[in-house]
Amino acid sequence: MRIKEIIKSVKLPARASVYYLAASILGKIINFILIPFSTRLMSSEEYGQLSLYMALLGGASVICSAFSSSSAVYKGIKDHDENKSEYIKSVLWTSWGFSVIICILLFAFSPLLALKGILYIPLALQIICDTTIAVAMCSGRFYYQYKRVVVITVISVLLPPTLSIIILKTWGGGYLARIFSLLTVSVCLAIYCYVNILKTDSRTSIENVKYIVKNSIPLLPHTASSAFLVQADKLIITSLLGAAALAKYSVVYSLGMALQFTVTSISSALSPWLIRRLEARDEEKIRRLIFPMALGYFALSVCLIAIAPEAMKILAPPEYSDALPSLVPIALSTPFYFLSTVATVGLIQSGKGGFSIIISCINAVLCIGLNYSLIGSLGFLGAGIVNLVCHAVSAMLSIYMLGKFGHKRFISSRWVAMPFLLSGVLGLLIYGFSDSIAPRVALLCLPAIILIYCMMRVGSLVIEKDGKAPS
């Protein structure tokens, strides 16, 4: 087949996933290029302040996603297909309202946080901008307007670090250069997205707002738990060990979570497909796709552990390697994050999104309690272990509840046990050979075989035999 015929034969969700994944890969590459500059142009205290700022921004964005994420918006768009512009506009206003509440809470609790007071104003503006962009991007992903989504993504990942490097190299400015470069680009993109959302004549309706609040409130415990899961370790490390320790952990954390951006990118295109397959009761097709993808993530996690020692030498000065032991459990959490994301879509589509409250409460208690106890006793390794435990518990509970509501063929927890044990043993063996490249390469033979198998299985599902690419 010629290249154009191959491209046309790929199903639209898979094609969109490739575009999203390519944009995300570009973002990760730029981020990893920027880290060595940041760790060497800033002191560990300055980099720790930047990491804390980004942790608070990330946590707030995750909580706000209860109103603006694909899980919250996709079903609403389908239910309001005749007035989708009006619905998207309602989502924007509702998301803004909730973002303002989050900003007020951040100001209220600022005395308990170690962030400098001057940074809360740009932090609030950044949250509002990110919410606006998120709503516009979510709408674009649902209708597979992937080229527009990719352009916005590329601009948002390319311009801020470019500006910050120029400013840092020319005038200095430390972490403030990074923060205000990001904010400047985000304001411009938010204005563009805002104009595109409001260019129609439709108006926001009270009925739509009520619908959005009713369907998004049950997701709040889940998003709050996710925010705790992602950011609590950083906040507690800052509290117990200081900003310099957070700087070290943040670099290792970024490396260990390097695969999770692919989950977000693929899920952007996979979620609408999952919703449509669930409506058609085609759970067997879902199972045949999800299993090899989960297996592939376990194999990729082992590969990430194998390259970590060399990667850390590039990303940061030698003293940052103190946090490297935490990488193994952080990397192994990615497959569970993928399974939890998929299962959450199934719960919401089944009208059981409210049950995420149970999962979220359990995770929040585990996250806070384990972080305080394990970071205090095990340091960086304790933070990594908590990350893995919480992701695994979230995934297993989501799968269990999904099965209780009649979707037993959607995902099976039996798939997870053996791949996790195998990848865990391999990961520990490979980490034990951190000083020797040859044994690590030899141990990667099994993950390589698994990846080839997974690519063959997934490839047979994303390529249409008749050359057509239905949406």
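Below is a summary of the structure that appears in this document. (Residues numbered from 1 in each chain as written. Predicted model: local features only at pLDDT ≥ 70, side-chain atom pairs only at ≥ 80, totals over all residues. Heavy atoms only, no water.)

1. Thoughts on the packing of aromatic side chains
Here the distance between the centres and the angle between the planes together describe a pair of aromatic rings.
Move 1: Tallied over the entire structure, the rule returns ten aromatic pairs.
Move 2: Ring centres 6.0 Å apart and planes at 75° place the aromatic pair tyrosine 87 and tyrosine 211 in the edge-to-face group. Residue tyrosine 87 is located in helix H5 (residues 84-108), and its partner tyrosine 211 is located in helix H9 (residues 206-216); the two are separated by 124 residues in the primary sequence.
Move 3: Assessed through its relative accessible area of 2%, tyrosine 87 is described here as buried.
Move 4: Considering the side-chain rings of tyrosine 249 and phenylalanine 380, the 6.4 Å spacing of their centres and the 10° angle between planes classify their relative orientation as stacked. Residue tyrosine 249 is located in helix H11 (residues 243-256), and its partner phenylalanine 380 is located in helix H17 (residues 380-404); the two are separated by 131 residues in the primary sequence. The exposure classification of tyrosine 249 matches that of phenylalanine 380, with both residues buried. (Phe/Tyr/Trp six-rings, centres within 6.5 Å; stacked < 30°, edge-to-face > 60°. Helix = DSSP H or I, 4+ residues; strand = E, 2+ residues; numbered from the N terminus. Buried < 20%, exposed > 50% of the residue type's maximum accessible area, 1.4 Å probe, protein only.)

2. Some words on the pattern of salt bridges
Move 1: Enumeration over the complete set of coordinates arrives at two salt bridges.
Move 2: In this structure, lysine 248 engages aspartate 322 in a salt bridge whose closest nitrogen and oxygen atoms are separated by 3.1 Å. With a gap of 74 residues between them, lysine 248 in helix H11 and aspartate 322 in the loop between helix H13 (283-315) and helix H14 (327-332) connect regions that are remote in the sequence.
Move 3: Overall, the relative accessible area of 45% leaves aspartate 322 in the partly exposed class.
Move 4: Taking the shortest distance from any N to any O, the salt bridge between arginine 440 and glutamate 310 comes out at 2.8 Å. Separated by 130 residues along the polypeptide, arginine 440 in helix H19 (residues 437-443) and glutamate 310 in helix H13 bring together distant segments of the chain. (Salt bridge = Lys/Arg side-chain N within 4 Å of Asp/Glu carboxyl O.)

3. Side note on the packing of helix H3 (residues 44-68) against helix H8 (residues 175-198)
Working note: a packed helix pair is described by the angle between its axes plus the distance between those axes.
Move 1: Where H3 meets H8, the closest approach of the two axes is 9 Å, and the angle between their N-to-C directions is 30°. Judged on the interaxial angle alone, H8 and H3 are roughly parallel. Touching Glu46, Gln49, Leu50, Tyr53, Met54 and Leu57 of H3 are Tyr175, Arg178, Ile179 and Leu182, all from H8.
Move 2: Taken together, the residues that form the contact of H3 with H8 break down as seven nonpolar, one polar and two charged. (Axes fitted to C-alpha atoms, helices over the stretch in contact; angles between N-to-C directions. Parallel < 35°, antiparallel > 145°, perpendicular 65-115°, else oblique. Contact = heavy atoms within 4.5 Å. Nonpolar A, V, L, I, M, F, W, Y, C, P; charged D, E, K, R; others polar.)

4. Observations concerning the environment of glycine 346
Move 1: Position of glycine 346 among the secondary structure elements: in helix H15 (residues 334-349).
Move 2: A residue is classified by how much of its surface remains accessible, and glycine 346, at 0% relative accessible area, is buried.
Move 3: In this structure, the C-alpha to C-alpha distance between glycine 346 and serine 271, residues 75 residues apart in sequence, is 9.1 Å.

5. Side note on the side chain of serine 65
Move 1: Mapping serine 65 onto the fold places it in helix H3.
Move 2: Here valine 62 takes part through its backbone oxygen, which lies 2.4 Å from a polar atom of the side chain of serine 65. (Polar contact = N/O pair within 3.5 Å; in protein donor to acceptor, adjacent residues only side chain to side chain.)

6. Brief notes about the packing of H13 against H15
Move 1: Between H13 and H15, the shortest axis-to-axis distance is 8 Å and the interhelical angle comes to 155°. Taken as axis vectors, H13 and H15 run roughly antiparallel relative to one another. The interaxial crossing formed by H13 with H15 has right-handed handedness. Residues Ile290, Met293, Ala294, Tyr297, Phe298 and Ser301 of H13 lie in contact with H15, whose contacting residues are Thr334, Pro335, Phe336, Phe338, Leu339 and Val342.
Move 2: Its residues assigned to classes, the contact of H13 with H15 comprises ten nonpolar, two polar and no charged. (Left-handed = near helix turned anticlockwise from the far one by under 90°.)

7. Some points on a nonpolar patch on the surface
Move 1: On the surface, a nonpolar cluster with roughly 410 Å² of combined accessible area is contributed by Ile25, Ile29, Ile33, Phe37 and Leu41.
Move 2: Relative to the helices and strands, phenylalanine 37 resides in helix H2 (residues 12-41).
Move 3: Phenylalanine 37 sits in the partly exposed class, given a relative accessible area of 32%. (Patch = residues over 30% accessible without salt bridge, like charges linked within 9 Å, V, L, I, M, F, W, Y side chains within 5 Å. Areas by Shrake-Rupley, 256 points an atom, 1.4 Å probe, with all protein chains shown as cover.)

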